[in-house]
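# Overview (structure and organization)
Listed below, chain by chain, are the residues.
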Amino acid sequence: MPDPIRLEWMMDAHVQVFRPVQIGDTPNGFQQAVPIGAGTFAGPRLRGSAISGSADWQLVLEDGMYLLDVNGAMLTDDGVTIRVSSKGMRHGPPDVMARLIAGEVVPPDQYYMRAVAEIAAPPGKYDWLNRSLFVSWGERYPDKVVIHYYQVL
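Since this is a predicted model, take the numbers as computed values, not measurements.

### Let's talk about the environment of Pro 107
Positionally, Pro 107 belongs in the loop between α1 (94–101) and β8 (112–120). Of the residues examined, Pro 107 reaches a relative accessible area of 36% and is grouped as partly exposed. With 56 residues separating them along the chain, Pro 107 and Ile 51 place their C-alpha atoms 27 Å apart.

### Some remarks on the pairing of strand β4 (residues 47–50)
Pairing between strand β3 (residues 29–42) and β4: four bridges, direction antiparallel. Following the sheet pairing, Thr 40 is matched in β4 by Ser 49.

### Focus: the pattern of salt bridges
Close approach of charged atoms lets side chains of opposite charge pair. In this structure the tally under the stated criterion is four salt bridges. Between Asp 69 and Lys 87 there is a salt bridge, with the nearest N and O atoms lying 3.0 Å from each other. Taken together, the residues Asp 69 in strand β6 (residues 66–76) and Lys 87 in strand β7 (residues 81–91) connect sequence positions 18 residues apart. With its nearest N and O atoms 3.1 Å apart, the salt bridge here joins Asp 78 to Lys 125.

Definitions and cut-offs
- Residues numbered from 1 in each chain as written.
- Predicted model: local features only at pLDDT ≥ 70, side-chain atom pairs only at ≥ 80, totals over all residues.
- Heavy atoms only, no water.
- Helix = DSSP H or I, 4+ residues; strand = E, 2+ residues; numbered from the N terminus.
- Buried < 20%, exposed > 50% of the residue type's maximum accessible area, 1.4 Å probe, protein only.
- Pairing = 2+ DSSP bridges.
- Salt bridge = Lys/Arg side-chain N within 4 Å of Asp/Glu carboxyl O.

Written out as structure tokens, the structure reads:
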């Protein structure tokens, strides 16, 4: 029998987020996009900066759950551009979600923010990113998010 699945911390990303661009009610729910600005990422095998212009496309369901769809890119310290795409969710008790929306700092253990990430890199030093699965958990602050990425081994 193969070894059980293990997670290994890969990196933390600290990324600036801006005020949501509200698209409005759609047949599937309320849609908005959260523009992503400057930021950094660092871990034992890669580090660098987030490339501004990315976005988190969000679908807010009637029950208050946020379905997250992030597409972006990062530039490693040694000049390699890497694409990051993740799909996930954020939810919690209605009072906690209201505090997050109001811009309060809420401890991350009071809500659930998890995602599955796909990371694409060109051949070379970072090719290992193309050959693994990644999961993450996040912290939402008024002007930034902190995302903790783990490689599934």
